[in-house]
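Given next are the chains, with one letter for each unit.
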Amino acid sequence: LRNRVRHELLPFLGERFNPAISGALRRAAAIIAVEDDFVRRQSDTALAACWRLLPGGGGEILLSVFQGLHPAIQRRVVDAALWAVACPATMERIESLRDLASGGRNGARLHLPTGLRVTRQRQRLLFAYPIGRKAHRRE
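Criteria and thresholds
Residues numbered from 1 in each chain as written. Predicted model: local features only at pLDDT ≥ 70, side-chain atom pairs only at ≥ 80, totals over all residues. Heavy atoms only, no water. Helix = DSSP H or I, 4+ residues; strand = E, 2+ residues; numbered from the N terminus. Contact = heavy atoms within 4.5 Å. Expected span 1.5 Å × (residues − 1). Buried < 20%, exposed > 50% of the residue type's maximum accessible area, 1.4 Å probe, protein only. Arc of directions from axis to C-beta. Core = buried A, V, L, I, M, F, W, Y, C linked by side-chain atoms within 4.5 Å. Pairing = 2+ DSSP bridges. Phe/Tyr/Trp six-rings, centres within 6.5 Å; stacked < 30°, edge-to-face > 60°.

Draft legend 1. Summary view of the environment of Q121. Mapping Q121 onto the fold places it in strand 4 (residues 117–121). Between the alpha carbons of Q121 and C87 there is a distance of 20 Å; along the sequence they are 34 residues apart. Apart from residues no more than four positions distant in its own chain, Q121 is found in contact with N106 and L126.

What follows is the structure in structure tokens.
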């Protein structure tokens, strides 16, 4: 795919739209890299302020801090939290957890793969494996 982009798409875009497309893309990539570094640093600071691992392989997000964060930072915090408890992060899971944090009632719960349960308990989201790390369905 990378070779097709380099050998087919970029020449096409250069001929049809912008002869300086390669330079424009390099400049855009440089800007994005600097901005991504800034957002990553902000996310690391936010993560340290509102996330902690708990014994037993779970963790918690403190909502008093989390709810005041920009949505972009919230997404990165949730992404890091999911990976920290060994649950692959997807955009659907991240947005479901953001919804739980912003509007879920006390006791509301999400069941995620590998047995992970995320429960809203007052001012925190509690990440736990109540039955261990395995998929579980009630019969």
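Draft legend 2. Expanded view of unusual backbone geometry. Not every positive phi belongs to a glycine, and A86 is a case in point at roughly 65°. Position of A86 relative to the elements: it lies in the loop between helix 4 (71–84) and helix 5 (91–103).

Draft legend 3. Focus on helix 5. Across its 13 residues, helix 5 extends 18 Å between first and last C-alpha, which sits within 8% of the 18 Å expected from 1.5 Å per residue. Listed as buried for helix 5 are R93, I94, L97, R98, L100 and A101. Around the axis of helix 5, the buried residues are gathered within 160° of arc, so they sit on the same side. For helix 5, the exposed residues set more than 90 degrees away from the buried face come down to M91, E92, D99, S102 and G103.

Draft legend 4. Broad picture of the nonpolar core. In this structure, I61, L82, L116 and F127 are the most contacted members of the largest nonpolar core, which totals 25 residues. Of all elements in the fold, only helix 2 (21–50), helix 3 (63–66), helix 4, helix 5 and strand 5 (124–128) reach the threshold of two or more residues within this core. Excluding anything up to four places from it in sequence, I61 contacts C50, W51, F66, V77, V78, A81, Q123, R124, L125 and F127.

Draft legend 5. A look at helix 4. The end-to-end C-alpha distance of helix 4 is 20 Å, a good match for the 20 Å that 14 residues give at a rise of 1.5 Å each. Every buried residue of helix 4 is listed here: I73, Q74, V77, V78, A81 and L82. Contacts made by the buried residues of helix 4 are with helix 2, strand 1 (51–54), strand 2 (58–62), helix 3, helix 5 and strand 5.

Draft legend 6. The pairing of strand 5, seen in detail. Pairing analysis gives 4 bridges linking strand 2 to strand 5, with the strands arranged antiparallel. What sits directly across from L62, in strand 5, is R124. Examined bridge by bridge, strand 4 and strand 5 share 5 bridges and lie antiparallel to one another. Considered in strand 5, the bridge of T119 is made with L126. Between the antiparallel neighbours strand 4 and strand 5 lie 2 residues, among them R122 with a positive phi of about 50°.

Draft legend 7. Geometry of the packing of aromatic side chains. This model, assessed by the stated rule, comprises 2 aromatic pairs. Centre to centre, the rings of F12 and F17 are 6.2 Å apart; their planes meet at 70°, and the pair counts as edge-to-face. Residue F12 is classed as partly exposed on the basis of its relative accessible area of 38%.

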